Amino acid sequence: MRLRAGTILVFPLAALLFFSLSACSGKMARVTQVSRQNLFSLSLGRMEDQLDLVDAATSLPSKLRLFMRDGIFFLSNGHGRKLMRMSSYGDLLSLIYNPETNPAPVLLSGESDQSSYRKAYQHPFQEIGEVVVNSKQDVFIEDRLPPERGVPDGDGQSILDAVILRFDQEGSFHDYIGMEGIGGTPFPNIIGLYCSSSDDIVVISMSAYDWRVHWFNPEGSLLHSLSVKRDALPIPGKKELIASLDKIVPDPESRLLYMKVDYYQEDYDSSTKASTGIEFDSSLLWQIDPRDGRVFDPITVPAVVKREEGTFGSRSYTRVYEFLGVSAGRHLFFLMPEEGPLYSVMIIDGRSRGIQKLAISLPHEDVLASAFHLTSEGILSSIIASSLEAKVSWWRIDKIIGEVRR
């Protein structure tokens, strides 16, 4: 099967579903507990070394995002309209901020101060979100154009108003990337931003009818574009299945995409033959060649079957993993929350198809906002914000990733 070069869209599932380690379909794997290392905390507020999350508990769409490279953390604070660069000890190293929504920095020097390495830079951010950093320490960050600069999409329902801003390692604005490359047409809603080991930039966006992939070289020139439409998702076998796209993620080491699709089928009452709803069938991770849209070699993603005991008997139900990302060596990461603070991380070796199960813990009470980031080495980090503070932590999964069982 091939996807049309140039376009993509579907129904995303609810982000995280509950999970049980006791039983699952597919190969069983020994579960390894990975300890969490708390690195630093941020208080909430409007100062330069604080996170502004006043509206994090509302339905407003502002994002909180985290990116880590070489031990340096980049925090994209959508509501605060600022980007913070911090050390793993919590020291604020630099700041790019909108002066209309932030007070003048006290801890950092102005960008004109040649004697300081810790500077604050001004930029009229509107609605920042996804963020990545390349090997040169150039920062690429999602932002939206002012409403009057949005462009109607060809579907008649979407507005193209998202761009990727590029700042150099000093914090100065360089240019912006649109769908055709530098200075191009804005994207529809951006839902993913990635940087490969060779500094390629990959933007995943979604319109009213499709998910779109735009792949750029380090200079910002467009290399590949794909569109996946809702009614064009691959269906395995000859079953009558309902397909739901979870996520599209690029491989960090090669020009390859992974697309996780969850499949459901209609369920019928055995006596009346009447439809009783839909039930989970399977999850597959398809590989896509971005050069021509060829879809090939699906990888089965095991789900979890759990039994619940009740007053009138027991019932079985299925829990599905969320696709988290890909690290070097084609290690495919999936995430699912357990009861309380526990989460399950499943790693599938994309070559051998071996499976490894890990257990991690996270704060689970009073959470206002959260985000994860997976490095190409396999380090998983998170930021979890409560009503009191935000904590940045990581798990050194890179140290055990070579133990994936066959």
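Fair warning: this is a prediction, and the values are worked out from it, not measured in the lab.

Criteria and cut-off values
- Residues numbered from 1 in each chain as written.
- Predicted model: local features only at pLDDT ≥ 70, side-chain atom pairs only at ≥ 80, totals over all residues.
- Heavy atoms only, no water.
- Helix = DSSP H or I, 4+ residues; strand = E, 2+ residues; numbered from the N terminus.
- Buried < 20%, exposed > 50% of the residue type's maximum accessible area, 1.4 Å probe, protein only.
- Areas by Shrake-Rupley, 256 points an atom, 1.4 Å probe, with all protein chains shown as cover.
- Core = buried A, V, L, I, M, F, W, Y, C linked by side-chain atoms within 4.5 Å.
- Pairing = 2+ DSSP bridges.
- Polar contact = N/O pair within 3.5 Å; in protein donor to acceptor, adjacent residues only side chain to side chain.
- Salt bridge = Lys/Arg side-chain N within 4 Å of Asp/Glu carboxyl O.

## Focus: the overall build of the protein
Phase 1 of the analysis: Tallying secondary structure elements over the protein gives 0 helices and 32 strands in all.
Phase 2 of the analysis: Put simply, the protein has 406 residues, and 52% of those count as buried.
Phase 3 of the analysis: For the protein, the computed accessible surface area is about 18,400 Å², with 49% contributed by carbon and sulfur atoms.

## Structural notes on the nonpolar core
Phase 1 of the analysis: Ranked by internal contacts, the top residues of the largest apolar core, which has 31 residues, are Ile141, Ile164, Phe187, Ile201 and Val203.
Phase 2 of the analysis: Looking at this core, the elements that each hand over two or more residues are β4 (72-77), β6 (92-97), β9 (131-133), β10 (139-144), β13 (162-167), β16 (189-195) and β17 (201-206).
Phase 3 of the analysis: Sorting elements by how many residues they give to this core places β13 first, with 5 residues.
Phase 4 of the analysis: Core analysis: the second largest hydrophobic core is formed by 25 residues, Leu53, Met68, Leu92 and Val392 among them.

## With respect to the environment of His331
Phase 1 of the analysis: Along the chain, His331 turns up in strand β27 (residues 331-337).
Phase 2 of the analysis: Accessibility expressed as a relative area gives 11% for His331, which makes it buried.
Phase 3 of the analysis: Once the C-alpha coordinates of His331 and Ile401 are considered, the two residues, 70 residues apart in sequence, prove to be 8.1 Å apart.

## Re the pairing of β4
Phase 1 of the analysis: With 6 of its 6 residues buried, β4 lies for the most part within the structure.
Phase 2 of the analysis: Of the two faces of β4, both are covered, the one formed by Ile72, Phe74 and Ser76 as well as the one formed by Phe73, Leu75 and Asn77.
Phase 3 of the analysis: In sequence, strand β3 (residues 64-69) turns back onto β4 through a hairpin of 2 residues, with Asp70 there showing a positive phi of about 55 degrees.
Phase 4 of the analysis: Direction of pairing for β4 relative to strand β5 (residues 82-86): antiparallel, over a ladder of 5 bridges.

## Regarding the side chain of Ser344
Phase 1 of the analysis: With respect to the helices, strands and loops of the structure, Ser344 is situated in strand β28 (residues 342-349).
Phase 2 of the analysis: Side chain to side chain, Ser344 and Tyr321 meet in a polar contact 3.0 Å long.

## Things to note about the side chain of Ser227
Phase 1 of the analysis: Looking at where Ser227 falls in the secondary structure, it is placed in strand β19 (residues 222-229).
Phase 2 of the analysis: Under the relative-accessibility criterion, Ser227 is labelled buried at 4%.
Phase 3 of the analysis: Within the structure, the side chain of Ser227 is placed 2.5 Å from the side chain of Asp210, a separation counted as a polar contact.

## Focus on the pattern of salt bridges
Phase 1 of the analysis: Across all of its chains, the model carries 16 salt bridges by this definition.
Phase 2 of the analysis: A salt bridge links Lys63 to Glu130; the nearest nitrogen and oxygen atoms lie 3.1 Å apart. You can see Lys63 sitting in the loop between β2 (37-43) and β3 and its partner Glu130 sitting in the loop between β8 (119-122) and β9, a full 67 residues away along the chain. Each member of the pair, Lys63 together with Glu130, is buried.

## Looking at the sheet that holds β5
Phase 1 of the analysis: An order of β3-β4-β5-β6-β8-β7 is seen for the 6 strands of this open sheet, with the pairing classed as mixed. Only two strands of the sheet have a single partner each, and these edge strands are β3 and β7 (109-110).
Phase 2 of the analysis: With 2 bridges joining them, β7 and β8 adopt parallel strand pairing. In the strand pairing of β8, Ser109 is matched with Lys119.

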